[in-house]
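As a plain string of letters, each chain reads:
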Amino acid sequence: QYHGSDTAIVLCNESLLLPMLHCLPQSIGDVNITMGYPLTQTPVYNLLLQIVLLHCDGCQRKTDEAGNGVACSYRSKFSLPILQNHYIGRICPKAKDLAKQLQESRLFVQDEDFFRGDELMDCIFRGVNNVPQLGCLLLDVIRLLANAASELNTASDAVSEPMSRISADAGISTTSPPEGRPFS
């Protein structure tokens, strides 16, 4: 009879955690991991990084005479990886069609209207003018992902639990984006 409470595995390198977890037999059941898992190695971090790059490097802002940002166009090089992201594809069925249209059109830049029509896409591809607004956009994306994960009822999914904890945080409001230094 196997008793997991009698066994400890000590890893000398934290990057070995995922391979070790994938090698554990299912008969072991729940395990207690007493080390932190680097956020930078998670798929959610990769998605958020892609969104930051989209808004910092992949967005061409259009302004009115007063210099206010009124619309954005997004470079395909930055928008396509977001549309092809696993989480986006699971939550937003429209993303796969948009990615296909983007590839077939062979255009380097698409207006923000191309991405409209879905709550998640509207959130990701809304124009931001400064860093605080980008932070609010990222929080809104995390909330939408968390709500969608709980709706999909994917308790076995790796993001379900952490995303549910994030969505439960009601202390952060992003209804009106803060003012800040504009992007250059």
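Residues numbered from 1 in each chain as written. Predicted model: local features only at pLDDT ≥ 70, side-chain atom pairs only at ≥ 80, totals over all residues. Heavy atoms only, no water.

A.B. asks: Provide a residue-level description of the overall build of the chain, including the pertinent values.
C.D. replies: Assigned secondary structure in the chain consists of eight helices and three strands. In sequence order, the chain lays out its α and β elements as α-α-β-β-α-α-α-β-α-α-α. Taking all contacts inside the chain whose residues are at least 6 apart in sequence as the whole, residues at least 24 apart take part in 58%. Accessible surface, the chain: about 11700 Å² in total, of which carbon and sulfur atoms supply 53%. (Helix = DSSP H or I, 4+ residues; strand = E, 2+ residues; numbered from the N terminus. Contact = heavy atoms within 4.5 Å. Areas by Shrake-Rupley, 256 points an atom, 1.4 Å probe, with all protein chains shown as cover.)

A.B. asks: I'd like a rundown of the side chain of S76, residues and numbers included.
C.D. replies: Structurally, the position occupied by S76 is in helix α3 (residues 76–83). Once residues lying within four places of it in the same chain are set aside, the contact partners of S76 are P81, L102, L107, F108 and V109.

A.B. asks: Mind laying out the packing of aromatic side chains, listing which residues take part and the relevant values?
C.D. replies: Given two aromatic rings, one states the distance between the centres and the angle between the planes to describe the pair. Counted according to the given criterion, the structure contains four aromatic pairs. Relative to F125, the ring of Y74 lies with its centre 5.2 Å away and its plane at 80°, an arrangement referred to as edge-to-face. Here Y74 is found in strand β2 (residues 69–75), whereas its partner F125 is found in the loop between α6 (119–124) and α7 (131–152), with 51 residues between them in sequence. Each member of the pair, Y74 as well as F125, is classed as buried. Relative to F125, the ring of F115 has its centre 3.9 Å away and its plane inclined at 5°; by these criteria the two rings are stacked. (Phe/Tyr/Trp six-rings, centres within 6.5 Å; stacked < 30°, edge-to-face > 60°. Buried < 20%, exposed > 50% of the residue type's maximum accessible area, 1.4 Å probe, protein only.)

A.B. asks: Give a detailed account of the pattern of salt bridges, specifying residues and quantitative values.
C.D. replies: Taken as a whole and assessed by the stated rule, the structure comprises four salt bridges. Close ionic contact of R116 with D122 constitutes a salt bridge, the shortest N to O distance being 4.0 Å. For R116, a relative accessible area of 28% corresponds to the partly exposed category. Accessibility expressed as a relative area gives 27% for D122, which makes it partly exposed. For R126, the salt bridge is made with D140, and the minimal N-O distance between the two is 2.8 Å. With R126 in the loop between α6 and α7 and D140 in helix α7, this pair connects stretches of sequence that are 14 residues apart. (Salt bridge = Lys/Arg side-chain N within 4 Å of Asp/Glu carboxyl O.)

A.B. asks: Summarise α7; cite the residues concerned and give the values.
C.D. replies: In this model α7 runs 31 Å from its N-terminal to its C-terminal C-alpha over 22 residues, within 8% of the 32 Å that 1.5 Å per residue would give. If you check the start of α7, you find a side-chain oxygen 2.9 Å away from the backbone N of Q133, and it comes from N130. (Expected span 1.5 Å × (residues − 1). Polar contact = N/O pair within 3.5 Å; in protein donor to acceptor, adjacent residues only side chain to side chain.)

A.B. asks: Break down the nonpolar core for me, citing the residues and quoting the values.
C.D. replies: L83, I88, I124, F125 and V141 are the most contacted members of the largest nonpolar core, which totals 34 residues. The set of elements that each furnish at least two residues to this core consists of α2 (43–56), β2, α3, α4 (86–91), α5 (94–105), α6 and α7. Among the elements that take part in this core, α7 stands out by supplying seven residues, more than any other. Setting aside residues no more than four positions away along its own chain, F125 makes contact with L54, Y74, S79, I82, L83, E112, F115 and R116. (Core = buried A, V, L, I, M, F, W, Y, C linked by side-chain atoms within 4.5 Å.)

A.B. asks: If you had to explain the environment of M20 to someone new, which residues and values would you point to?
C.D. replies: Locating M20 in the fold gives a position in helix α1 (residues 17–23). On the basis of relative accessible area, M20 is assigned to the partly exposed category, the value being 21%. The sequence separation of M20 and I9 amounts to eleven residues, and the corresponding C-alpha distance is 9.4 Å. If we skip the residues at most four places from it in the chain, M20 touches I9 and L11.

A.B. asks: I'd like a description of the packing of α2 against α7, backed by residues and values.
C.D. replies: As a packed pair, α2 and α7 sit with axes 11 Å apart at the nearest point and diverge in direction by 145°. As for the relative orientation of α2 and α7, their crossing is right-handed in sense. Here L47, L48, I51, V52, H55 and C56 of α2 come into contact with α7, specifically with L134, L137, L138, V141, I142 and L145. For the contact of α2 with α7, the class distribution of residues is eleven nonpolar, one polar and no charged. (Axes fitted to C-alpha atoms, helices over the stretch in contact; angles between N-to-C directions. Left-handed = near helix turned anticlockwise from the far one by under 90°. Nonpolar A, V, L, I, M, F, W, Y, C, P; charged D, E, K, R; others polar.)

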